[in-house]
Amino acid sequence: MRLPLRELKWLRKAAADANRPLDALVRRRQQGEPLQYIIGTQPFGPLELSVRPPILIPRPETEHWVIELAARIPESARHLLDLGTGSGCIPLLLAHLCPALSAHAVDVNPAAVTLATENAARCSVTRFRAFQANFLDPDFHVHAMLCPPYDVLTSNPPYIPWNEYLELPDEVKNYEDPRALFGGPSGLEFYHAIARLAVRERFLSSDAIIALEVGHDQAEAVGAIFESVSLRTEAWTDPWGKKRTIIAYRGT
Ligand code: GLN
């Protein structure tokens, strides 16, 4: 397989920067490994994050809504919680863009917690703490490291339903953690858990904002989950015309 010239350029730079043999990097790419894992970094807004398998590579659609959200977070907001943080891309960019915010981030995979912590240091975000926890756990809300109430709750949870998971390109399926992608048979399991948390007594502040990435055809279903617990919702469209983000508000 011949690699596109622009990929070759990136690989040449990565080889030179780290003193690695170019042909080994090219071979990995030819075998289908995502370019970002081979290079080891991915830009996310103004940040440059470390990435490594199997932690989900930050996507451009995520970058887009996070930057939009940063502009809407009120200056009074202080505490943010990100659920299923992966590389830490969402809370790190928000903490970087909103200096009054301090962020907590959880992930079920300890390797993600390590990577997010490394990325905080790499990006000089000091108001950040990541820890291992499973937010599907019924006792998650009493986890000792949490510090509710939170003013901002964010998540790009696993949302791919089973039938779509089987059809994912090998580049995704063979390298990225299924725990970051597969959202249960319907793809909606994690949103139900987040909605239960969002309305739990004193978990969020009374005017908290909740921002969730959703799959390409899930905006209506996810909006309905949050409206069923009496939250007001709106959907944001990504640059490719998909309703990609559900925003839910606790206040009126
Ligand atoms: N956007 C990712 C993909 O298309 C899925 C991420 C997720 O499930 N949250 O592979």
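Quick caveat: nothing in here was measured; it's all calculated off a predicted structure.

Considerations on the side chain of Thr-85
Point 1. With respect to the element layout, Thr-85 can be found in the loop between strand S3 (79-83) and helix H5 (89-97).
Point 2. Sequence-distant contacts of Thr-85, that is, excluding residues within four places in its chain, are made with Pro-91, Ala-105, Val-106, Asp-107 and Ala-116.

Remarks on unusual backbone geometry
Point 1. With an omega of 5°, the peptide bond between Pro-53 and Pro-54 qualifies as cis.
Point 2. In this structure, Pro-54 sits in the loop between strand S2 (47-50) and helix H4 (60-72).
Point 3. Cis geometry marks the peptide bond from Pro-148 to Pro-149; its omega dihedral reads 5°.
Point 4. Backbone geometry places Ser-124, a non-glycine residue, at a positive phi of 55°.
Point 5. Here Ser-124 is to be found in the loop between helix H6 (110-122) and strand S5 (128-132).
Point 6. Phi is positive for Arg-202, close to 60°, though the residue is something other than glycine.
Point 7. Topologically, Arg-202 is positioned in the loop between helix H9 (189-198) and strand S7 (204-213).
Point 8. Classification of Arg-202 by relative accessible area gives exposed; the value is 64%.

Thoughts on the site of the ligand
Point 1. Residues in contact with the ligand, as listed here, are Arg-59, Glu-61, Asn-156, Pro-157, Pro-158, Tyr-159, Ile-160, Ala-180 and Leu-181.
Point 2. Separating a nitrogen atom of the ligand from a side-chain N or O atom of Asn-156 is a distance of 2.7 Å.
Point 3. One of the side-chain nitrogen or oxygen atoms of Tyr-159 is found 3.1 Å away from a nitrogen atom of the ligand.
Point 4. For the ligand, whose unbound accessible area comes to 300 Å², protein coverage reaches 88%.

Brief notes about the UniProt feature "domain: Methyltransferase small" (unreviewed entry) in the protein
Point 1. Under the UniProt annotation, the feature "domain: Methyltransferase small" (unreviewed entry) is placed at residues 72-159.
Point 2. For residues 72-159, the helix share is 26%, the strand share is 25%, and the end-to-end C-alpha distance is 24 Å.

Quick word on the packing of H4 against H5
For any two helices packed against each other, one specifies the inter-axial angle together with the distance between the axes.
Point 1. At their nearest, the axes of H4 and H5 sit 10 Å apart, and the two run at 35° to each other. Regarding H4 and H5, the two cross each other, and that crossing is right-handed. Of the residues in H5, those in contact with Thr-62, Trp-65, Val-66, Ile-67, Leu-69 and Ala-70 of H4 are Ile-90, Leu-93, Leu-94 and Leu-97.
Point 2. Taken together, the residues that form the contact of H4 with H5 break down as nine nonpolar, one polar and no charged.

Describing the packing of aromatic side chains
The description of an aromatic ring pair rests on the distance of the ring centres and on the angle between the ring planes.
Point 1. Here the structure, examined in full by the defined rule, presents six aromatic pairs.
Point 2. Considering the side-chain rings of Trp-162 and Tyr-165, the 6.0 Å spacing of their centres and the 15° angle between planes classify their relative orientation as stacked. Taken together, the residues span about one helical turn, with Trp-162 and Tyr-165 both in helix H7 (residues 162-165) at a distance of three residues.
Point 3. With a relative accessible area of 10%, Tyr-165 lands in the buried category.
Point 4. Taken together, Phe-135, Phe-140 and Phe-190 form an aromatic cluster joined through their ring pairs.

Considering the environment of Leu-94
Point 1. Along the polypeptide, Leu-94 turns up in helix H5.
Point 2. By relative accessible area, Leu-94 is classed as buried at 0%.
Point 3. Residues Leu-94 and Ala-71, spaced 23 residues apart in sequence, show a C-alpha to C-alpha distance of 9.5 Å.
Point 4. Ignoring anything within four residues of it in the chain, the contact list for Leu-94 reads Val-66, Leu-69, Ala-70, Ile-73, Leu-80, Leu-101 and Thr-154.

What about the pairing of S7?
Two faces, one strand: in a regular strand the side chains alternate between the faces of the sheet.
Point 1. Of all ten residues in S7, eight are buried, a share of seventy percent or more.
Point 2. The sheet contact formed by strand S6 (residues 150-155) and S7 spans five bridges and is parallel. Looking across to S7, one finds that Thr-154 is bridged to Ala-211.
Point 3. The sheet contact formed by S7 and strand S9 (residues 243-249) spans five bridges and is antiparallel.

Conventions we followed
- Residues numbered from 1 in each chain as written.
- Predicted model: local features only at pLDDT ≥ 70, side-chain atom pairs only at ≥ 80, totals over all residues.
- Heavy atoms only, no water.
- Helix = DSSP H or I, 4+ residues; strand = E, 2+ residues; numbered from the N terminus.
- Contact = heavy atoms within 4.5 Å.
- Buried < 20%, exposed > 50% of the residue type's maximum accessible area, 1.4 Å probe, protein only.
- Near = heavy atom within 4 Å.
- Polar contact = N/O pair within 3.5 Å; in protein donor to acceptor, adjacent residues only side chain to side chain.
- Areas by Shrake-Rupley, 256 points an atom, 1.4 Å probe, with all protein chains shown as cover.
- UniProt positions renumbered as here; feature names shortened; annotations may be inferred.
- Axes fitted to C-alpha atoms, helices over the stretch in contact; angles between N-to-C directions.
- Left-handed = near helix turned anticlockwise from the far one by under 90°.
- Nonpolar A, V, L, I, M, F, W, Y, C, P; charged D, E, K, R; others polar.
- Phe/Tyr/Trp six-rings, centres within 6.5 Å; stacked < 30°, edge-to-face > 60°.
- Pairing = 2+ DSSP bridges.

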